[in-house]
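Residue-level listing of the chains:
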Amino acid sequence: MPRTLSYILILIGGIIAIYAQAQEEQNQYILIGGIVVLMVGIYNISRNIPSKNDQDNTDNENLE
């Protein structure tokens, strides 16, 4: 999934969650849906970030 689509999902999910939270009578289904969309976007972005431990291991191997 392209990163721009992930950022759009995060933005849409945040807007939906804030909208559902701002109403006097909170619609929990809309709030949960917004949070799910937000988390899918965050997951897709975090999946592409390399682990810090992987980088440390390659640095240690180069020193030996």
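Residues numbered from 1 in each chain as written. Predicted model: local features only at pLDDT ≥ 70, side-chain atom pairs only at ≥ 80, totals over all residues. Heavy atoms only, no water.

Asks: An account of the confidence of the model for the chain is requested, with residue identities and associated values reported.
Replies: Looking at the chain as a whole, the pLDDT averages 82, with 83% of positions reaching at least 70. Here helix α3 (residues 52–63) stands out as the least confident element of the chain, with mean pLDDT 63; helix α2 (residues 28–47) is the most confident, with 91. (pLDDT = per-residue confidence, 0-100. Helix = DSSP H or I, 4+ residues; strand = E, 2+ residues; numbered from the N terminus.)

Asks: Give me the lowdown on the side chain of Ser6, citing residues and values where you can.
Replies: By the secondary structure assignment, Ser6 is in helix α1 (residues 3–22). Ser6 gets classed as buried once you look at its relative accessible area, which sits at 2%. Residues in contact with Ser6, not counting those within four places in the same chain, are Met1, Gly41, Asn44 and Ile45. (Buried < 20%, exposed > 50% of the residue type's maximum accessible area, 1.4 Å probe, protein only. Contact = heavy atoms within 4.5 Å.)

Asks: Can you tell me about α2, naming the residues and giving the values?
Replies: The end-to-end C-alpha distance of α2, which contains 20 residues, comes to 28 Å, matching closely the 28 Å that a straight helix rising 1.5 Å per residue would cover. Turning to α2, its buried residues number three or more, namely Leu31, Gly34, Gly41, Asn44 and Ile45. Seen along its axis, α2 keeps its buried residues to an arc of 160°; they face one direction. Among the exposed residues of α2, those oriented more than 90 degrees off its buried face are Gln28, Tyr29 and Ile32. Buried residues belonging to α2 abut α1. Near the N-terminus of α2, the side chain that reaches the backbone nitrogen of Tyr29, with its oxygen 3.2 Å away, is that of Asn27. (Expected span 1.5 Å × (residues − 1). Arc of directions from axis to C-beta. Polar contact = N/O pair within 3.5 Å; in protein donor to acceptor, adjacent residues only side chain to side chain.)

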